[in-house]
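The primary structure of each chain is shown beneath.
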Amino acid sequence: MPDSVTFAELKRRSDEIYETFNQEFRRFERFSVDRFYAESVPNLIRQLQLEGYSLTAAEDALNDLTTLRTRYTGKKSDWAAAKKLIGRIADGLQRASAGQHLLFLEVSMTDRLENARLSLEKTIKVLRTARESIDVTIPGRRPQPGHLHPITLMRQRIEDIFVSLGYAVEDDREIETDFYNFDALNIPEGHPARDPQDTFYTTEGFALRSQTSTVQIHAMQRRGAPVRMIAPGRVFRRDTPDPTHNPMFFQVEGLCVDRGITMAHLKGTLAEFVHRLFGPETKTRFRPSYFPFTEPSAEVDYSCFSCGGSGCRICKHSGWIELGGSGMVHPNVLRTANVDTSEFTGFAFGLGIDRTCARIYQLDDIRLLFENDVRFLAQFR
Amino acid sequence: MLISCNWLRELIGTKLSPEEIRDRLTNVGLAVDAVEARGDDSVLDVEVPSNRGDCLSHIGIARELAVIEKSQVSSFKFQVKATNGKTGEFASVEIRDPDLCPRYAARTVRGVKIAPSPDWLVKKLETIGQRPINNVADITNYVLHEFGQPLHAFDLARLTEKKIIVRRATKGESIRTLDGVDRKLDEQMLVIADAKEPVALAGVMGGELSEISNLTTDVLIESAYFDASSVRRTAKFLGLHTEASHRFERGTDPAGVIAAQERCVALICELAGGVATEDALDVYPNPIETKAVALRPERVESITSLQVELDEIKRILTGLGFELRVKEASVLSFTVPSWRHDVSIEEDLVEEVARHTGYDKIETSLPPARHAGEYHSSEERKRALRLALISQGFGEAINLSFTELTDDFDLIPALNAETAPVTLTNPIIEEASGMRRTLLPGLLNSIRHNLNYGIRDVSLFELGRVFGSNEAGTLPLEHETFALVATGGLLEANRAQPARELDFFDLKGAVEAAVDGINLPPLSFAAATIKHLRPGQSASISANGGRVGSIGRLADSISAEYKFRQPVFVAELDLTTLLEVKVQPVFYAPLPRFPAIVRDVSLLVDRTVTVAELSKAATDQSVPHFVGVTFVGTYEGEGIPDSKRSVTLRFEYRADDRTMRDEEVDAIHWPLVETLKERFGGEVR
């Protein structure tokens, strides 16, 4: 039979343990659950930081708290040993009093431990969220994209417009016979355009096409009339490179041959085109002009997209910008392509893609188009 | 061309302001670029279309304005007062080459006094930017700007035997022109010669020898009609562009020769004194016939959509000098005025009516719908290709089609090595004398350009044609290719530091992404010796078993030429051929219901054993449940002999009806690995 214990002894022993617990627990007392329900997370973070809480301090505190709990409420703790002594109090009444006393102290300890744990865990969570917050202004991660050449962008826009108007996009050779480059376009032998001063010739005597109208002839021969097509592409003229000239540039030529086609349709088509390219408020102006492959011929201007026609630097204060040449297809051209001129009429037009690019992007030196400076190319989309 | 408003007013008495004249002329196709006030006059800078030589004078412009204003050019009188004798008594004219000079008229004035011109004449010439010289020269210049007929005055005394012979120059002949330059002539140039030697370049410029001087007393006035293309050739050939050649090149009025000369002689008599001959010595062996052009009035509407009254059509055309010949009900026939070389068919007359009715009166409408629009058959795939390449970080470049000729590069197989370049007879950039056979030199130039500006990370691609000579007499080959170049680091958007340096596999990846983008079967790459690529880092590329291009690191020798101090990777592929490869149709494959089991194996093999060989050797064996291998990585360096490397592959196994057990997989996996070990002499690490 083990030694009996008195109530007074047990009370003194448990009070001693409780007292040391109180002393050790004092450092956790500042954790109180209440504040966590009252405050918003960002406010809480700010407050905790003001109070000097760091994430590591809170984590250490939680560890310490766990140790404390084990030390005071664990199975092998002094407290557990003390509790076992209750049964050894002989007097039933005193035993009940001792039980009550110890229970009271134990609940006081475990409640406070639990409160402190909850609040510490919450603190850690809050501080960890703060630690893991990111700077959302840092640039997103992605490969540096390349860019399409401005001439490609412009060509695609132009193609999209004309395809939607029922035109087929055609292409053909860049090195041509004199027949397709000149004769078929009603440019007779001896015409200034045929001069080697203006047109590149290969040693074999072929011409680098000086306009994509060559494609019109091929297309009419292939498709016959009626036909609606555009021909975008590279053309070559013997111009010395300067801010407004390149010996190679891009052009788009259009052709519409059908029964009953008139200049009204030419005007309507180009008006529609500039509406779509430059905006619905854009106006067009047609002036009589001369081209060997059209009769009657017209120069086409559109109202300046920048000032709307009142005059500015871009339109050289005239309010108008030159779009290109146009006209009713010359009967000689139609006949060469085996189109019956008693049945069909047609219109044709041509405009410079590079030049339109230069206008739209306000590019004052078109040589930049073929230098392929990546700082230049990256500007267009 | 400069036009004086006051001068115009003398000719047609217009009340329009200079700005109104500007707008009206512009509307009929004579674009006025600028109006400038000069004293009490205003000067219009008129841009005359190249086919409207008849408008290169005040009368020409006045004629257009008269039709615009529904008025008439006033007929002013001029008459030679003092005449005596026939020109034939004082000079002779012989046209030896009538093909280049259909008409030549000479007239003499004797006893003139060369002196400065009167103020009114000086002022008129100065207003339109002409420099006064002396009375006779100024009068010829004045009449040129009035009538558009260039005239020339010779010092009669200085013409040997007083002869005018119009002929082609002979070999070795030369002439010192009025500008003091000695000019060598060739046998295609037309000259005016006296009995001894050339005294003027026909239609271009006079000679110094017969120039009017202060001592001149007798002058011979030339008024002629020269062949336009002959004058154009001579002027262009000698680089001598004059007021006279400008007009003859565009065609002058063969019928107006005498009237202009009469006007000139009358003014000389009036302002410089002297006695003129009674008539011109006019040599015109084959008079040019008047043309007639028919017009069906309804064609005006069917071509332009303009509805113009018959009377208005007639008014416009007759106002412009056309004469109505036949007045049938349905067809009008007009004779074409001698000054209108640009009119020969019905459409030309329609244009005359349309421009004087006003293009702004033409309505605006779309043609009725006819066809569905269609892109070029290759456009959809080219757009996809471009998008794939830009998303790989490559910028699109465009280079000139002509380049320096070089043999440093292997060409795409479609142009084999023997394909000679297409050369130009007349390059504009001296060193760019041929058509490119490869896009690479252009792109390498672009890299150099960027490096020169301190940009070291450059990835570019280009789509374009290359050219090669064909059999003699046939058009050259044109083939579309696409090429890529890359150097420097792998850039990330908005970040200062490249993620890492680029290597062969970045470029290869871009090429693969590109063909993926256009839905082609994967390309195959095989180590190959390529002229412009560094050995050991170069490959040929094939599609469907046929070679289509090459890829690799630029050879050190070429890099040195371009002064590149960092590796450059290049690739070029035959796009025409690639686009002919059929797109693979897509069919759904059922998804596996059970997970795959994978085994990674690192094989230590000779460096010469390729990943492709290993993969193929594995997949060639038809092992049940074996799905395939995927490349994991290679390792060389510490712990690995120099001649070897370790290749890690992932083997995948799967059954359709169950999750495979480890033992089951091992039973098929290890024998498979064993065959690879045996075949390639490798060992498992």
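Asks: If you had to explain the domain arrangement of chain A to someone new, which residues and values would you point to?
Replies: Taken domain by domain, chain A consists of domain 1 (7-131) and domain 2 (150-377). Placing the centre of domain 1 of chain A and that of domain 2 of chain A at their C-alpha centroids yields a distance of 89 Å.

Asks: Now, about the interface of chain A and chain B: what can you tell me, with residues and values included?
Replies: Across the contact, 94 residues belong to chain A and 88 residues belong to chain B. The contact between chain A and chain B buries some 7,500 Å² in all, and 56% of this surface belongs to carbon and sulfur atoms. Among the residues of chain A in contact with chain B, Gln144, Pro288 and Glu295 of chain A are the three that bury the most area, contributing 8% of the side total. Across the pair aspartate 160 of chain A and arginine 383 of chain B runs a salt bridge, and its minimum N-O distance is 3.1 Å. It is helix H10 (residues 263-278) of chain A that provides the largest number of residues to the side of chain A that touches chain B, a total of 8 residues.

Asks: Tell me about the sheet that holds strand S1 (residues 2-4) of chain B, and name the residues and values.
Replies: All names here are of chain B. Strands sit in the order S1-S3-S2 across an open sheet of 3 strands; the sheet is antiparallel. Only two strands of the sheet have a single partner each, and these edge strands are S1 and strand S2 (31-38). Taking each pair of neighbouring strands and ignoring which way they run, the sheet shows an average axis angle of 25°. Relative to strand S3 (residues 41-47), S1 runs antiparallel, the two sharing 3 bridges. Looking at S3, one finds that isoleucine 3 is bridged to leucine 44.

Asks: Tell me what's going on with the pairing of strand S24 (residues 524-527) of chain B, and back it up with residues and numbers.
Replies: The two faces of the sheet receive side chains in turn, since in a regular strand these alternate between them. All names here are of chain B. Pairing of S24 with strand S25 (residues 533-543), which is carried by 4 bridges, proceeds in the antiparallel orientation. Each residue of the ladder has a partner; that of alanine 526, found in S25, is serine 540. The loop that links S24 with its antiparallel partner S25 comprises 5 residues.

Asks: Describe the pairing of strand S7 (residues 294-303) of chain A, listing the residues and the values that go with them.
Replies: Residue and element names in this part refer to chain A. Buried residues dominate S7, accounting for 10 of its 10 residues. The alternating pattern of S7 places Thr294, Pro296, Ala298, Val300 and Tyr302 on one face and Glu295, Ser297, Glu299, Asp301 and Ser303 on the opposite face, and all of these are buried. Direction of pairing for strand S6 (residues 284-291) relative to S7: antiparallel, over a ladder of 7 bridges. In the strand pairing of S7, phenylalanine 291 is matched with threonine 294. With antiparallel pairing between neighbouring strands as the criterion, S6 and S7 make up a hairpin whose turn holds 2 residues.

Asks: Any chance you could break down the sheet that holds S6 of chain A for me, citing the residues and the numbers?
Replies: One open sheet holds the 7 strands; their spatial order is S1-S4-S5-S9-S8-S7-S6 (chain A), and the pairing between them is mixed. Bordering the open sheet on either side are strand S1 (168-169) and S6 of chain A, each of which pairs with just one other strand.

Asks: Describe in detail unusual backbone geometry, supporting the description with residues and values.
Replies: All names here are of chain A. Between alanine 225 and the following residue, proline 226, the backbone shows a cis peptide bond with an omega angle of -5°. Within the fold, proline 226 resides in the loop between helix H9 (213-223) and strand S4 (227-236). Of the consecutive residues glutamate 295 and proline 296, the connecting peptide bond is found in the cis state with omega at -5°. For proline 296, the position within the fold is in strand S7.

Asks: Tell me about the layout of surface pockets, residues and numbers included.
Replies: Residues and elements named next belong to chain B. There is about 1,300 Å³ of room inside the second largest pocket. If you list the elements that add at least two residues to the lining of the second largest pocket, you get helix H14 (504-517), S24, S25, helix H17 (611-620) and strand S29 (626-635). Across the lining of the second largest pocket, the residue classes tally to 15 nonpolar, 9 polar and 9 charged. Both of domain 4 (379-580) and domain 5 (597-684) provide at least three residues apiece to the lining of the second largest pocket.

Asks: Mind laying out the side chain of glutamine 149 of chain B, listing which residues take part and the relevant values?
Replies: Here glutamine 149 of chain B lies in the loop between helix H5 (135-147) and strand S6 (151-155). Sequence-distant contacts of glutamine 149 of chain B, that is, excluding residues within four places in its chain, are made with Val143, Leu144, Ser223, Ala224, Phe248, Thr252, Asp253, Val257 and Ala260 of chain B.

Asks: Now, about the packing of helix H3 (residues 41-50) of chain A against helix H6 (residues 92-131) of chain A: what can you tell me, with residues and values included?
Replies: All names here are of chain A. Here H3 crosses H6 at 95°, and the two axes come no closer than 10 Å. Taken together, the axes of H3 and H6 are roughly perpendicular relative to one another. Where H3 abuts H6, its residues Val41, Leu44, Ile45, Leu48 and Gln49 lie against Thr123, Val126, Leu127 and Ala130.

Asks: Break down empty space enclosed by the protein for me, citing the residues and quoting the values.
Replies: This structure, assessed with the given rule, holds 3 cavities of 30 Å³ or more. The space that makes up the largest cavity amounts to roughly 110 Å³. Residue assignment for the lining of the largest cavity shows that the elements contributing at least two residues are S6 of chain A together with helix H11 (346-357) of chain B. Looking at side-chain class alone, the lining of the largest cavity contains 5 nonpolar, 3 polar and 6 charged residues. Of the volumes computed, that of the second largest cavity is approximately 80 Å³. Forming the walls of the second largest cavity are Thr403, Glu404, Leu405, Thr406, Phe409, Leu411, Pro421, Met435, Arg436, Arg437, Thr438 and Pro441 of chain B.

Reading the values: rules and limits
- Residues numbered from 1 in each chain as written.
- Chains lettered and ligands numbered in written order.
- Predicted model: local features only at pLDDT ≥ 70, side-chain atom pairs only at ≥ 80, totals over all residues.
- Heavy atoms only, no water.
- Domains from an automatic or database assignment.
- Contact = heavy atoms within 4.5 Å.
- Buried area = accessible area lost by both parts, 1.4 Å probe.
- Salt bridge = Lys/Arg side-chain N within 4 Å of Asp/Glu carboxyl O.
- Helix = DSSP H or I, 4+ residues; strand = E, 2+ residues; numbered from the N terminus.
- Pairing = 2+ DSSP bridges.
- Axes fitted to C-alpha atoms, helices over the stretch in contact; angles between N-to-C directions.
- Buried < 20%, exposed > 50% of the residue type's maximum accessible area, 1.4 Å probe, protein only.
- 1 Å grid on protein atoms, 1.4 Å probe; cavity = no way out; pocket = protein on both sides within 12 Å on 5 of 7 lines; lining within 4 Å.
- Points joined across faces, edges and corners; volume = space filled by probe spheres on them.
- Nonpolar A, V, L, I, M, F, W, Y, C, P; charged D, E, K, R; others polar.
- Parallel < 35°, antiparallel > 145°, perpendicular 65-115°, else oblique.

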